[in-house]
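Architecture and fold: a report
Chain by chain, the residues:
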Amino acid sequence: MTDLMPPTEHPAEPYCLAEVDLFRDLSRREMAALGARAPLRTVRAGQVVYTPLQPAVVLFIIKRGRIRLYRIAPDGRSVTTAVLGPGTVFGEMDSLGLRMHASWADALEASELCLMSRTDVQELLFTDPRIVLRIAEQLSTRVADLEVRLTDLTCKALAERVAGTLCQLARHAPAEPIRLTHQQLAALVGATRERTTTALGELARQHLIQLRRGKIVVHNPTRLAALADGAHPPTPTG
């Protein structure tokens, strides 16, 4: 692609895509054929993997980790439009209805990405209705998530936005800590780091989360989700 993704590419793995839910309808032989055409790259936390300043026609398939899609506002702020986890796709691939436009993408944590060219997509994905259906389902879900995110930014208080974002990030692996700095979370919720730290401190005092260095542990996802929906948990006694 570009020097934004340095040469950390691994040799093609026969089952590079075996753990990707997008291809769950395929046989192992079919996945092996796909994996041979989709090199695996490892990216570090914070690394930019796509920029509109150096556009490229490529499909990214997330095998492990989380990728943030965002835009840069005129005042320099980054506005997050999506947080994508394992099994999802993004990139510039108009044949699948995927367009990055002015969006950037960076890794929220160390991640593994499989890359496919336009030719590979047209020959291997676009001709398989099973895969096209799964991609259509993903895009539909992403549009709905974007509508929720825009509504939250407009209508919800910061504590509610923080709670909702933590619920979303914990959804795929609820038993694992969320690996985010306060600055990264601030970019996700559209606030300053200072205000985000204050909101996190309040959630910690309510025993909904625990703060660790570079990590956030969700202790009570049910009450956290209730707070995200506008309910204010009572202050615990004792």
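Details of the structure are given in the entry above.
Scope of this entry: the structure provided in the associated data block.

Basis of the calculations
- All residue numbers refer to positions counted from 1 along the written sequence of the respective chain.
- Local features are withheld for residues below a pLDDT of 70 in this predicted model, meaning they are given only at 70 or higher, and side-chain atom pairs are given and counted only at 80 or more; totals for whole chains, interfaces and linings count all residues.
- Side-chain measures were taken over the full set of non-hydrogen atoms in the model, leaving aside hydrogen atoms and water.
- Put simply, DSSP marks the helices as runs of H or I at least four residues long and the strands as runs of E at least two long, and each gets a number from the N terminus on.
- Type-normalised accessible area, obtained with a 1.4 Å probe on protein chains alone, sets the label of each residue: buried when under 20%, exposed when over 50%, and partly exposed for intermediate values.
- Residues are treated as being in contact if the distance between any of their heavy atoms lies within 4.5 Å.
- Here the expected length of a helix is defined as 1.5 Å per residue gap, with one fewer gap than residues.
- Only residues whose relative accessible area exceeds 30% and that take part in no salt bridge are eligible for patches, with like-charged residues grouped when within 9 Å of each other and nonpolar side chains (Val, Leu, Ile, Met, Phe, Trp, Tyr) grouped when within 5 Å.
- Note on areas: these come from Shrake-Rupley sampling with a 1.4 Å probe, and a residue is covered only by the protein chains present in the view.
- Think of a salt bridge as a Lys or Arg side-chain nitrogen and an Asp or Glu carboxyl oxygen that are within 4 Å of each other.
- Note on aromatic pairs: the rings of Phe, Tyr and Trp (six-membered ring only in Trp) are paired at centre separations within 6.5 Å, and the planes decide the class, stacked below 30 degrees, edge-to-face beyond 60, tilted for the rest.
- In this analysis the charged atom, NZ for Lys or CZ for Arg, is taken to sit over a ring once it is within 6 Å of the ring centre and within 35 degrees of the ring normal.
- Strands pair, by our definition, only if DSSP identifies at least two bridges between them.
- Comment: axis = line fitted to C-alpha atoms, over the contacting stretch for helices; angle = value between 0 and 180 degrees taken between N-to-C directions.
- Nitrogen and oxygen atoms within 3.5 Å of one another constitute a polar contact, given that in protein one can donate a hydrogen and the other can accept it, and given that sequence-neighbouring residues count only through two side-chain atoms.
- The arc in question is the one spanned by the directions pointing from the helix axis to the C-beta atoms.

Along the protein, the regular secondary structure elements total seven helices and eleven strands. Within the span of the protein, comprising 238 residues, buried residues form 44% of the whole. For the protein, the proportion of contacts with a sequence separation of at least 24, taken over those separated by at least 6, is 69%.

For His101, which is not glycine, the phi torsion reads 50° and is therefore positive. Of the residues examined, His101 reaches a relative accessible area of 52% and is grouped as exposed.

Along its 13 residues, helix H4 (residues 158–170) runs 18 Å from first to last C-alpha, staying within 8% of the 18 Å computed at 1.5 Å per residue. Most of H4 sits out of view: ten of its 13 residues are buried. Of the residues making up H4, those classed as buried are Leu158, Glu160, Arg161, Val162, Ala163, Thr165, Leu166, Gln168, Leu169 and Ala170.

Bringing a nonpolar patch on the surface into the picture now. Nonpolar side chains collect at one region of the surface, where Val79, Leu146, Leu150 and Leu153 lie side by side and expose about 280 Å² of accessible area between them. If one sorts the elements of the nonpolar patch by residue count, helix H3 (residues 129–155) sits on top with three residues. Turning to its location among the elements, Leu153 is positioned in helix H3.

A few words on the packing of aromatic side chains. A full pass over the atoms with the stated rule returns two aromatic pairs. Where Phe60 meets Phe90, the ring centres are 4.6 Å apart and the plane angle is 10°; that geometry is what we call stacked. With Phe60 in strand S4 (residues 59–64) and Phe90 in strand S7 (residues 89–91), this pair connects stretches of sequence that are 30 residues apart. Owing to a relative accessible area of 0%, Phe60 belongs among the buried residues under this scheme. We classify Phe90 as buried; its relative accessible area is 0%. Between the aromatic rings of Tyr70 and Trp104, the centroid separation amounts to 6.3 Å while the plane-to-plane angle is 20°, which identifies the pairing as stacked. You can see Tyr70 sitting in strand S5 (residues 67–72) and its partner Trp104 sitting in strand S8 (residues 104–107), a full 34 residues away along the chain. Sitting above the plane of the Tyr70 ring, Arg68 keeps its charged end 3.9 Å from the centroid.

Looking at the element boundaries, Val83 is found in strand S6 (residues 78–84). A relative accessible area of 14% means that Val83 is categorised as buried. Separated by 24 residues in the primary sequence, Val83 and Ala107 have C-alpha atoms spaced 9.6 Å apart. Discounting residues that sit within four places of it in the chain, Val83 has contacts with Arg66, Ile67, Leu108, Arg149, Gln168, Leu169 and Leu188.

The next thing to look at is the sheet that holds S6. Taken in spatial order, the four strands line up as S3-S8-S5-S6 in an open sheet, and their pairing is antiparallel. Pairing within the sheet leaves two strands with one partner each, and these edge strands are strand S3 (48–50) and S6. The average undirected angle you get between the axes of adjacent strands in this sheet is 35°. Note that S5 and S6 share six bridges and pair antiparallel. Bridge pairing links Ile67 to Leu84 in S6. Each of S5 and S6 is contacted by helix H5 (residues 182–189), which is oriented at about 95° to S6, the strand it contacts most.

A few words on the side chain of Ser103. Tracing the backbone through its elements, the reader meets Ser103 in the loop between S7 and S8. Among the polar contacts listed, one links the side chain of Ser103 to the side chain of Arg71, at a separation of 3.4 Å. When near neighbours in sequence (up to four residues on either side) are disregarded, Ser103 contacts Tyr50, Pro52, Tyr70 and Arg71.

Within helix H7 (residues 221–228), the full set of buried residues consists of Leu224, Leu227 and Ala228. All buried residues of H7 fall inside an arc of 100° around its axis, so they share one side. Downstream of H7 by one or two residues, Gly230 has phi in the positive range, about 110°.

Honestly, that's just the spatial picture; any functional story needs more than this.
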